[in-house]
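An overview of the molecular structure
The residues making up each chain are set out below.
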Amino acid sequence: MATIKSIGILTSGGDAPGMNAAIRAVTRAARYNGWSVNGIMRGYKGLITGEIEEFHSNSVSNIIQRGGTILKTARCDEFKSAEGRKTAYDNMKAAGIDALVVIGGDGTITGAQVFAEEFDVPVVALPGTIDNDLSGTDTTIGYDTALNTIVEAVDKLRDTATSHERLFFVEVMGRRAGYLALNGAIASGAEAAIIPESQTGDDQLKTLIDNGFRKSKNSAIVLVAEDPSTGGALGLAERVEREFPQYDARVTILGHLQRGGSPTAADRILASRLGAAAVEALKEGQRNVMVGLKNGDIVYTPFCQALSKSKTVKQSNVELVKMLSI
Ligand code: ADP
């Protein structure tokens, strides 16, 4: 095993608050160990175009509190081709980079897995996505901040919702994962969450209406995960208009608001711990693992397991929303 002297770091795919805190932690931990650090711009794209710059300790000053990513991010189809990845590898070698730390979601980790296998390069990934849809970690970087943004928005909506008799559908992100919708519903005291994980033959909208959501209430707020099978909040509102015209349904789609803002303390601490642990992993000779936090401890999970989609929302939390919304 060749010793590592220089690493490259990139952020890729959807941005998430806390990515900057992770970039800072990786950079500082690597510098602490005497390694050189290269910031790669725009995810895998920068590896292909050679947009690589040397990072020093002060390159990451004053960024822990900033949302987004100073390295920028991009989606890069070229990296999905063997030629694109060969160019990326050649540029990486030309820049003297021995190992990579990538920060992103499941697409980014899929790319890392393919690249690492093809060129026998040590790669360590950090889970950076608001969706919390990666196995191998209890939460992902950005998830807590997005959850707090959702709660703040729903609190505001409730003020107007209680003044009218309406059914409010609030669509949140999550890419086929219901974490934001479900835990957002618990934290904001919403009447229900309609999530992909409960989409197993059960008509969640009909159940909600049949259970008489308005028995003791004038209005209801329902958090809805974006989900092609329900059509999201708009799809559900159309169904209400068609099938339950006695109700007045309104739609709020939070959209990209959920990606922005200053990361919460929880996300900054998570990103800082995972960033330092990524460097530790490379030092120990680990490769092709995602760093995560489980029950408060750092864990390393092979890429294939992190991508296995085996993590699911807690069924007891689904029941909790029902119990607390009577
Ligand atoms: P996220 O990381 O947020 O899930 P994407 O799914 O858009 O975001 O993936 C980010 C990038 O990862 C893609 O633009 C592409 O460059 C790379 N990537 C995704 N899937 C693959 C793949 N199968 N092979 C190689 N690279 C991939």
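All of these numbers come straight from a predicted model, not from anything done at the bench.

Criteria and thresholds
Residues numbered from 1 in each chain as written. Predicted model: local features only at pLDDT ≥ 70, side-chain atom pairs only at ≥ 80, totals over all residues. Heavy atoms only, no water. Phe/Tyr/Trp six-rings, centres within 6.5 Å; stacked < 30°, edge-to-face > 60°. Helix = DSSP H or I, 4+ residues; strand = E, 2+ residues; numbered from the N terminus. Lys NZ or Arg CZ within 6 Å of the ring centre and 35° of its normal. Domains from an automatic or database assignment. Contact = heavy atoms within 4.5 Å. Buried area = accessible area lost by both parts, 1.4 Å probe. Salt bridge = Lys/Arg side-chain N within 4 Å of Asp/Glu carboxyl O.

1. Quick look at the packing of aromatic side chains
- Evaluation of the coordinates by the stated rule reveals 5 aromatic pairs.
- Pairing Tyr44 with Phe79 gives two aromatic rings, centres 3.9 Å apart and planes at 0°, and the pair type is stacked. Of this pair, Tyr44 sits in helix H2 (residues 44-49) while Phe79 sits in the loop between strand S3 (52-55) and helix H3 (82-94); the two residues are 35 residues apart in sequence, bridging distant segments of the chain.
- Taken together through their ring pairs, the aromatic side chains of Tyr44, Phe79, Tyr89, Phe115 and Phe119 make up a single cluster.
- The cationic tip of Lys311 hangs over the ring face of Tyr179; the distance from NZ or CZ to the ring centre is 5.3 Å.

2. Here we look at the domain arrangement of the protein
- Structurally, the protein comprises domain 1 (6-142 + 263-306) and domain 2 (144-259).
- Taking only C-alpha atoms, the centre of domain 1 and the centre of domain 2 are 34 Å apart.
- Counting from both sides, the interface comprises 14 residues of domain 1 and, opposite them, 12 residues of domain 2.
- Buried area between domain 1 and domain 2, both sides added, is near 1,200 Å², and the carbon and sulfur share of it is 47%.
- Three residues, Ile130, Asp131 and Thr264, lead the burial of domain 1 against domain 2; their summed loss comes to 43% of the area buried on that side.
- In this structure, the connection of domain 1 to domain 2 is made through 0 salt bridges.

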